[in-house]
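Okay, here's what each chain looks like letter by letter:
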Amino acid sequence: MEVVADRWRGSGGEVVAPRPATTEQLLRVHDLSHIRRIDETAGIATSLDPDTFTSPETVEAARLAAGAVVDAVERVWDGRHARAFALVRPPGHHAERDRAMGFCFFNNVAVGAAHARALGASRVAIVDYDVHHGNGTQHIFEDDPAVLYVSLHQSPFYPGTGDADEIGAGPGRGYTVNLPLAVGAVDEDYHLVFAEMVVPVLRRFAPDLLLVSAGFDAHERDPLGGMRLTTAAFGAMTAELRLVAEECCGGRLVAVTEGGYDLRALGESLESAMETLAGERAGSARWPSGSVAPSRGRASVTEARRALGSVWTV
Ligand SMILES: [Zn+2]
């Protein structure tokens, strides 16, 4: 992480220590009883879920992680910075309004989206390319048309949510876009899904701010995920998102780390994504040129279009 931070500084970026999120900021997306339950783990090691354990310092790290996103959103929203990357642990997108889950305690990206709304953003988009579906983020905003949630994820897979048919509820119907991909998806599949769904939907939604749940566990070397993305694909996805943010919302983009469990793949992919955000100008998305037919990507796009009907007409 230090090396990445040094390169970021070298390209004109600033590195800022996070502040803890306040209870008021967390309460926008979490129940008070959940916040209290996490706070009560201070100083002890316990388990909250079959795979979500605390150490004595977890609550401190979790508050700092959510606070880092709040700070990043403020800096981008008030124009001090064009783009920001919150380098945080623990991740957040599985955390539900009322419970910790899947290594996640507070839903960092959701806290950031709610903070942006409180600052005056009318529409916030969240793109989540972590290999797992962000069940918590989806559920927190599923009835809210002001927050668009777009997820690309391996399916079927943990946590079991994220079918294309889950498109939001009530006034939020159509503002959840799930793009499930079969195990083994490659760069070409993600490229197709970005070109035919992610980018056109973002253009039509025209957010005031774009948030990215940047998980790196769809990398081919990741021990948990079953996808086959190369390191370069993470740079390409980031370039697509930077370009669409420049088109729609003055370039305002905040990325937040989620999963990624092969440390070398995580470091290299993170560097690829950060380099893409650091430059003065947005470069074009350089997808690795491959010759694999994107059959998984095609199936995902077809399924999402069927589920969404005429909502987005993309
Ligand atoms: Zn993940």
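Just so it is clear, the model here is predicted, and its values are computed rather than measured. (Residues numbered from 1 in each chain as written. Predicted model: local features only at pLDDT ≥ 70, side-chain atom pairs only at ≥ 80, totals over all residues. Heavy atoms only, no water.)

Visitor: Mind laying out the pattern of salt bridges, listing which residues take part and the relevant values?
Guide: Under the criterion given, the structure shown has 17 salt bridges. Put simply, Asp-98 and Arg-99 hold a salt bridge, and the shortest N to O gap is 3.7 Å. The salt bridge partner of Glu-196 is Arg-298, with a shortest N-O separation of 2.8 Å. Of this pair, Glu-196 sits in helix α7 (residues 187-205) while Arg-298 sits in helix α10 (residues 295-308), placing them 102 residues apart in sequence. (Salt bridge = Lys/Arg side-chain N within 4 Å of Asp/Glu carboxyl O. Helix = DSSP H or I, 4+ residues; strand = E, 2+ residues; numbered from the N terminus.)

Visitor: Requested: an account of the layout of surface pockets, with residues and values cited.
Guide: Counted as a void, the largest pocket has a volume near 740 Å³. Lining the largest pocket are 33 residues, and of these Trp-8, Glu-14, Val-15, Val-16 and Phe-85 lie nearest its centre. Of all the secondary-structure elements, those providing two or more residues to the lining of the largest pocket are α1 (2-10), α4 (58-77), β3 (83-86) and α9 (263-278). For the lining of the largest pocket, the residue count by class is 21 nonpolar, 5 polar and 7 charged. (1 Å grid on protein atoms, 1.4 Å probe; cavity = no way out; pocket = protein on both sides within 12 Å on 5 of 7 lines; lining within 4 Å. Points joined across faces, edges and corners; volume = space filled by probe spheres on them. Nonpolar A, V, L, I, M, F, W, Y, C, P; charged D, E, K, R; others polar.)

Visitor: A description of the side chain of Arg-242 should follow, citing residues and the corresponding values.
Guide: Tracing the backbone through its elements, the reader meets Arg-242 in helix α8 (residues 231-248). Judged by relative accessible area, which is 1%, Arg-242 ranks as buried. (Buried < 20%, exposed > 50% of the residue type's maximum accessible area, 1.4 Å probe, protein only.)

Visitor: Please give an account of the pairing of strand β5 (residues 147-154) that cites residues and values.
Guide: Among the 8 residues in β5, 8 count as buried, and that is most of the element. Side chains Val-147, Tyr-149, Ser-151 and His-153 of β5 all project onto a buried face; the interleaved residues Leu-148, Val-150, Leu-152 and Gln-154 project onto the opposite face, where all are buried too. Alignment of strand β4 (residues 124-128) against β5, held across 5 bridges, turns out to be parallel. Within the sheet, the bridge partner assigned to Val-124 lies in β5 and is Val-147. A crossover connection joins β4 to the parallel β5 through helix α6 (residues 135-141); in handedness this β-α-β unit is right-handed. As paired elements, β5 and strand β6 (residues 176-181) share 6 bridges and run parallel to each other. By the bridge assignment for β6, His-153 is matched with Pro-180. (Pairing = 2+ DSSP bridges. Right-handed = clockwise from strand over helix to strand, strands pointing away.)

Visitor: Describe the coordination of the zinc ion, and please don't skip the residues or the numbers.
Guide: Coordination sphere of the zinc ion, protein contribution only: Asp-130 (OD), Asp-130 (OD), His-132 (ND1) and Asp-217 (OD), at 2.0 to 2.8 Å. Angles of 52 to 154° at the metal separate the 4 donor atoms of the zinc ion, which places the site in the irregular class. All donors of the zinc ion come from a single chain, and their spacing in sequence reads D-x1-H-x84-D. Here His-132, found in the loop between β4 and α6, pairs with Asp-217, found in the loop between β7 (209-214) and α8; they are 85 residues apart in sequence, far enough to count as distant. (Donors = N, O, S within 2.8 Å, 3.2 Å for Na, K, Ca; no water. Tetrahedral: all angles 85-135°; square planar, octahedral: opposite > 155°, others 65-115°.)

Visitor: Break down the packing of aromatic side chains for me, with residues and values.
Guide: According to the stated counting rule, one finds 8 aromatic pairs in the structure shown. A centroid spacing of 6.2 Å and a plane angle of 75° characterise the contact between Tyr-129 and Phe-216, whose relative ring orientation is edge-to-face. Taken together, the residues Tyr-129 in the loop between β4 and α6 and Phe-216 in the loop between β7 and α8 connect sequence positions 87 residues apart. On the basis of relative accessibility, which here comes to 1%, the residue Phe-216 falls in the buried class. Taken together, the ring pairs connect Tyr-129, Phe-216 and Phe-234 into an aromatic cluster. (Phe/Tyr/Trp six-rings, centres within 6.5 Å; stacked < 30°, edge-to-face > 60°.)

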